[in-house]
Amino acid sequence: MADKRDKNSAADARVSGRRNVPSRFAMDEVLWAAWLYYEEGQKQELIADQLGISRASVFNLLQKARDEGIVNISIDPSRIARADLSLELCELSGLTECYVLPNPRNPAELHQEIGHLGARVLEARLLADDTIGVAWGRTVLALSQHLSSVSYPNITVTQVTGSAAATFDFSPVLCTSNIAERLSARCVNLHAPGVVSSAHVKDILMNEPEIRNHFDLLRHCSKSIFGVTQLTGETLLVQGGFMSETELAAYRALGAAGFAAGYFFDVEGNIVRSEFDERHITMELDDLLKVPERICVGGGPEKVDAMCGMLKARLANVLVTDEVTARNLVHACKATR
């Protein structure tokens, strides 16, 4: 330690000379350094210039401030609470991981804030050779918009469901291409409508070599990203032009509570099917459930029943949501155990 201090002192001698400590810090250089770093948020390099010492000496002063109790560092208890909440929800639902956004600054923009957190979660999990299957929705689109621009040329980003012209603002094509662009990755869109006129037309399309090859690619996904939609009140399924109100009413009559990753389900997690599924072009359920990391981004009080059903269906094993929704999901999971 003495050798290290000698080196720091020698380095200090080479700079412009130690500055006099301002009187308001009572001639205490440790307090001065701690104030500049912790209260004013200055970088150590700038502090070194102001004090006329080396950066290594600044580091030693900050360490001394902690040792002497001038600075006490503690973890925000609200963050610990959210960590406990995440662990509890994972234990109750079977999730592998859960990321909880604290109470949003603007509840009207909840999908944007969850999407922002989802972008950070995805970035931290990226592998150089990932194949990422992407669905559609407002929160998925928000995630794509908040991704940092990085370079992963060996990642493939691919569309898991066909397109609908009316869902331009948050379409599968746009969500997929946005993510691929931000990652500088290969983009593979599914050149087929999301819903066709009959089961016969779907059979014909699914036997086209290009479509068949696309679904072969989906079987190699290492990650999937999707949102979740409720079936009551205003829903993007109808607003986005994905289906008609009559088609949606048929699912409600069958007990469906939500939609995610191309599938309808009830609050108990049972997949609900109607003739609409026979015309819907999307990733096969068995293939989806084999994807190692299935990341759902979504939240809001109106979606709690839908998300509860989605978790019970095991469609997701990684969840990004908000604190209020997470607490409601914990209560819902406990109530049905």
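Data block above holds the structure.
This is a predicted model, so every value here is computed, not measured. (Residues numbered from 1 in each chain as written. Predicted model: local features only at pLDDT ≥ 70, side-chain atom pairs only at ≥ 80, totals over all residues. Heavy atoms only, no water.)

From N to C terminus, the protein includes 15 helices and 11 strands. A globule of 337 residues ought to have a C-alpha radius of gyration of about 20 Å, yet the protein, at 26 Å, is considerably larger. Nonlocal contacts in the protein, meaning residues at least 24 apart in sequence, comprise 69% of its contacts between residues at least 6 apart. Accessible surface, the protein as shown: approximately 16,600 Å² in total, 51% of it carbon and sulfur. Looking at charge distribution, the protein has the averaged site of its 34 positive side-chain charges lying 5 Å from that of its 43 negative ones. (Helix = DSSP H or I, 4+ residues; strand = E, 2+ residues; numbered from the N terminus. Rg over C-alpha atoms; globule rule 2.2 N^0.38 Å. Contact = heavy atoms within 4.5 Å. Areas by Shrake-Rupley, 256 points an atom, 1.4 Å probe, with all protein chains shown as cover. Lys, Arg positive; Asp, Glu negative; His and termini not counted. Charge placed at Lys NZ, Arg CZ, Asp CG, Glu CD.)

Once that is clear, we can look at the packing of aromatic side chains. Evaluated as defined, the whole model comprises eight aromatic pairs. The interplanar angle of 45° and the centroid separation of 5.5 Å between the aromatic rings of Trp 136 and Phe 242 together place this pair among those described as tilted. In this pair, Trp 136 sits in the loop between β2 (131-134) and α7 (138-146) while Phe 242 sits in the loop between α11 (236-239) and α12 (245-253), placing the two residues 106 residues apart along the sequence. Across the pair, Phe 242 and Trp 136 agree in class, each one buried. (Phe/Tyr/Trp six-rings, centres within 6.5 Å; stacked < 30°, edge-to-face > 60°. Buried < 20%, exposed > 50% of the residue type's maximum accessible area, 1.4 Å probe, protein only.)

Of all five residues making up strand β11 (residues 318-322), five are buried, and the element is well covered by its neighbours. Here β11 shows a buried face lined by Val 318, Val 320 and Asp 322 and a second buried face lined by Leu 319 and Thr 321. Across five bridges, strand β1 (residues 97-101) lies against β11 in parallel orientation. Across the sheet, residue Leu 101 finds its bridge partner in β11, namely Asp 322. As judged from the three bridges shared by strand β10 (residues 293-297) and β11, these two strands associate in the parallel manner. For Cys 296, the partnering residue across the bridge sits in β11 and is Leu 319. Where the polypeptide runs from β10 across helix α14 (residues 304-312) and back to β11, its parallel neighbour, the crossover connection is right-handed. (Pairing = 2+ DSSP bridges. Right-handed = clockwise from strand over helix to strand, strands pointing away.)

Turning our eyes to something else, we now look at the sheet that holds β1. Overall, parallel pairing links the seven strands, which are arranged β1-β11-β10-β5-β2-β3-β4 in an open sheet. If you trace the sheet from one side to the other, it starts and ends with β1 and β4 (186-188), each paired once. Neighbour-to-neighbour, the strand axes of the sheet open up by a mean angle of 20°, direction not taken into account. In this sheet, strand β3 (residues 156-159) lies alongside β2 in parallel orientation, the contact comprising four bridges. Counterpart to Gly 133 in the pairing with β3 is Thr 158. (Axes fitted to C-alpha atoms, helices over the stretch in contact; angles between N-to-C directions.)

Attention now moves to the state of the cysteines. The full count for this structure, using the stated rule, is zero disulfides. Free of any disulfide, Cys 221 has its nearest cysteine sulfur in Cys 187, 13 Å distant. There is no disulfide at Cys 296, and the cysteine sulfur nearest it, in Cys 98, is 10 Å away. (Disulfide = S-S within 2.5 Å.)

As a further point, take the nonpolar core. Leu 89, Phe 226, Val 228, Met 310, Leu 315, Leu 319 and Leu 329 are the most contacted members of the largest nonpolar core, which has 43 residues in total. Here the element with the most residues in this core is α14; it accounts for six residues. In contact with Val 228, other than residues within four places in its own chain, are Phe 259, Ala 260, Phe 265, Cys 296, Val 297, Lys 303, Ala 306, Met 307 and Met 310. Within the second largest apolar cluster, 39 residues are counted, among which are Ile 114, Ala 119, Val 134 and Met 243. (Core = buried A, V, L, I, M, F, W, Y, C linked by side-chain atoms within 4.5 Å.)

Moving on, we get to helix α6 (residues 110-125). Spanning 16 residues, α6 covers 23 Å between terminal C-alpha atoms, matching the ideal 22 Å at 1.5 Å per step. Among the residues of α6, those classed as buried are Leu 110, His 111, Glu 113, Ile 114, Gly 115, Gly 118, Ala 119, Val 121, Leu 122 and Arg 125. Buried residues in α6 make contact with β1, α7, β5 (223-226), β10 and β11. (Expected span 1.5 Å × (residues − 1).)

This part takes up the environment of Lys 303. Topologically, Lys 303 is positioned in the loop between β10 and α14. Those residues in contact with Lys 303, other than ones at most four positions away along the chain, are Val 228 and Gln 230.

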